[in-house]
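# Structure at a glance
Take a look at the letters that make up each chain.
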Amino acid sequence: MGSDMMKGHNRPTGGLDLDALRALAESRLKALTGQKAQVEPEDLRALAERELRALIEHRRRLVVEQLADGTWRSRFPETWVGPMVPTSYPEDLCYICEQPGADSVEHVVARCFNAGTVSNKEGPQLPAHKRCNGCYSGPEEYVRNSMVGFDDAHGRACDAAREDALSAMNVAGDKTGEDARHAKAKRERQLREVKREGGLRKWDHEQVDHDRWNAVLFKIVRGLAYWSTGLLLPWPAETEWEIHMPWQGVPLQAPTISSLIGDAFEAQAVLTGSGGRAVEGDFRLTFYQGVRARLYFRR
Ligand SMILES: [Zn+2]
């Protein structure tokens, strides 16, 4: 799935259809002059060059040159920096707060979830303000620490993230001072949230920090949407969002967005919108191969 998403980098766009261009030019001339017009080959060549320049300018952010086989080479051949489609938003838009001036490139799915099991270059990345992204690091770690304890969580990334979670909560007892106090608070919170009933772990919904869960899930789907489609999602305050977590459901049949980051994270989504704004979206997320969430909204 990851390689499918990368097609956005290399999709051939160079082959301008000259017949279509001629038909378009002639219909425009007819509309302007009220007479049937014929576009001469020289005019068409000039027109094609202009259109091609406009097309290149349009794709300037992602494209540096057209290769001999008709495909385009991206400016970021090694990374997954999006958005992967041209947008009317400024290049330095921070996808988190929607303001320009992004001073950093950040992973849409925080690296703490994969715990070093995939390369840092992998996975969707977007421009953002360091400070905006930084606001989520506490909640992301909290959610990660909870998820690795879910009965359905498993796999290589989960094992590595579980090690990190145990360390963050100072289970080995090797932290001291301020670090140890922070770690103790994290550990006590996780213990408060989980009850054991007949050998099974049950989450105490009264104790879970739903705001932090929702913020983390919302940030991920916001990033996925902008990375893949250039559409910005409505804020939870603007539009009613349904967030189901954990969620027992089925994957989407015909997703328009797919994402896979090692065995740490998988997503499918359908998203529609116009004018740079999403109007309806349905996101199915899977963490650690078994921990599922669904987020849905309609404006
Ligand atoms: Zn920002």
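Residues numbered from 1 in each chain as written. Predicted model: local features only at pLDDT ≥ 70, side-chain atom pairs only at ≥ 80, totals over all residues.

## Observations concerning the overall build of the chain
Within the chain, the regular secondary structure consists of 8 helices and 11 strands. Here the chain, with 299 residues, has 28% of them falling under the buried criterion. A separation of at least 24 residues holds for 65% of the contacts in the chain among residues at least 6 apart in sequence. (Helix = DSSP H or I, 4+ residues; strand = E, 2+ residues; numbered from the N terminus. Buried ≥ 20, exposed ≤ 12 C-beta atoms within 10 Å, placed from the backbone. Contact = placed C-beta atoms within 7 Å.)

## A word on the nonpolar core
Note on soluble globular proteins: their nonpolar side chains tend to be buried together. In this structure, Ile220, Val221, Leu224, Ala225, Phe287 and Tyr288 are the most contacted members of the largest nonpolar core, which totals 51 residues. The set of elements that each furnish at least two residues to this core consists of strand E4 (125–128), helix H5 (137–147), helix H6 (156–168), helix H8 (210–229), strand E8 (257–261), strand E9 (265–274), strand E10 (277–287) and strand E11 (291–298). The element that contributes the greatest number of residues to this core is H8, accounting for 8 residues. (Core = buried A, V, L, I, M, F, W, Y, C linked by C-beta atoms within 7 Å.)

## Quick word on the environment of Glu141
Relative to the helices and strands, Glu141 resides in helix H5. For Glu141 and Val216, which are 75 residues apart along the polypeptide, the C-alpha to C-alpha distance reads 9.6 Å. Once residues lying within four places of it in the same chain are set aside, the contact partners of Glu141 are Cys112 and Ala168.

## Describing H5
Taken as a whole, H5 has its buried residues at Glu140, Tyr142, Val143, Arg144, Asn145, Ser146 and Met147. Elements in contact with the buried residues of H5: H6, helix H7 (177–193), H8, E10 and E11.

## So, the pairing of strand E6 (residues 200–203)
For strand E5 (residues 194–197) and E6, the ladder comprises 4 bridges, and the chain directions are antiparallel. Of the residues in E6, the one forming a bridge with Glu197 is Leu200. Hairpin connection, E5 to E6: the antiparallel pair is bridged by 2 residues, and Gly198 has positive phi, about 55 degrees. (Pairing = 2+ DSSP bridges.)

## Observations concerning the packing of H5 against H8
Between H5 and H8, whose axes approach to 9 Å, the crossing angle comes to 100 degrees. Overall, the two elements H5 and H8 adopt an arrangement that is roughly perpendicular. Contacts between H5 and H8 involve Pro139, Glu140, Tyr142 and Val143 from the former and Arg212, Trp213, Ala215 and Val216 from the latter. For the contact of H5 with H8, the class distribution of residues is 6 nonpolar, no polar and 2 charged. (Axes fitted to C-alpha atoms, helices over the stretch in contact; angles between N-to-C directions. Parallel < 35°, antiparallel > 145°, perpendicular 65-115°, else oblique. Nonpolar A, V, L, I, M, F, W, Y, C, P; charged D, E, K, R; others polar.)

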